[in-house]
Amino acid sequence: MYPAITVIMPSIPPRGVLRNAALASVASQTLQPHAVSLTIDVDRQGAPATRQRALDAALTEWVAPLDDDDAFMPQHLEHLMRHAQETGADYVYSWFEVVGGTDPFPSTHFTEPFKLDADGNPIETTVTVLMKTELAKEIGYKSLDRGHDTNTGEDYGMVLGAVRLGAKIEHLVEKTWYWRHHGKNTSGLATKW
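Keep in mind the model is a prediction, meaning the values are calculated, not measured.

A.B. asks: Looking at this structure, I do not really get the environment of N121. What am I missing?
C.D. replies: Secondary-structure assignment places N121 in the loop between helix 4 (108-111) and strand 6 (129-132). With relative accessibility at 35%, the residue N121 sits in the partly exposed group. Taking the C-alpha atoms as reference, N121 lies 9.1 Å from V163; in sequence the two are 42 residues apart. In contact with N121, other than residues within four places in its own chain, are K115, L116 and Y156.

A.B. asks: Could you clarify how one ought to interpret helix 1 (residues 16-27) in this entry?
C.D. replies: The α-helix advances 3.6 residues per turn, and as a result positions three or four apart in sequence lie on the same side. The end-to-end C-alpha separation of helix 1 is 16 Å, in line with the 16 Å expected for twelve residues at 1.5 Å each. Along helix 1, the residues that are buried comprise G16, R19, A22, S25 and V26. Close packing links the buried residues of helix 1 with strand 1 (5-11), strand 2 (35-40) and strand 4 (71-72).

A.B. asks: Honestly, helix 2 (residues 47-56) in this entry has me stumped. Any pointers?
C.D. replies: In terms of burial, helix 2 is largely enclosed, as seven of its ten residues are buried. Among all positions in helix 2, only A47, P48, T50, R51, Q52, A54 and L55 are buried. Residues of helix 2 that are buried in the fold lie against strand 1, strand 2, strand 3 (62-65), helix 5 (133-139) and helix 6 (154-164).

A.B. asks: I'm lost on the sheet that holds strand 6 in this one. Help?
C.D. replies: Hydrogen bonding along the main chain pairs the strands of a sheet, whether they run parallel or antiparallel. Strand order in this open sheet of seven strands is 2-1-3-6-5-7-4, and the pairing throughout is mixed. The open sheet terminates on both sides in strands that have one partner only, identified here as strand 2 and strand 4.

Here is what the cut-offs are and how they apply
Residues numbered from 1 in each chain as written. Predicted model: local features only at pLDDT ≥ 70, side-chain atom pairs only at ≥ 80, totals over all residues. Heavy atoms only, no water. Helix = DSSP H or I, 4+ residues; strand = E, 2+ residues; numbered from the N terminus. Buried < 20%, exposed > 50% of the residue type's maximum accessible area, 1.4 Å probe, protein only. Contact = heavy atoms within 4.5 Å. Expected span 1.5 Å × (residues − 1). Pairing = 2+ DSSP bridges.

So far we have only geometry, and geometry alone does not tell us how the molecule works.
Structure representation (structure tokens):
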């Protein structure tokens, strides 16, 4: 028996078709979530604030963030939860198949275990992970100043917070979800809405 999971999804009004596809991918999971917390940014507060509202509503032991323009493969939640239980992790991430572009990260981000570099900086994971809700709420989603204005950085901020709090982070070397590349997003990293 697996613990309960809430899928948290921030969205914006124009993405109705993509959002419906993302929700359909949640409905097709081999391990069904207990709940979906969907928040729509009608006031243009941005991804971090919208994602935080979805997180705040989660009441389960685990959360699984999903952007409204991405999709889970059917085994995503099951495989990440199994890996979390096998490793005792607080935070598990897998990797993605790119739809409409190429993977902007170094190939080692997919192939190597989670680690810190020589300067003590963690590998940057994506926002599409499985993590303990209590940990996620303690850290929270906040914009991270990355020295430019195209990336809100709340995903990397979550990784930094998890490392700071001593969370056990594990990498499942498997592609379990689809990341949609948008033509205007040349960096390949999540952009502000």
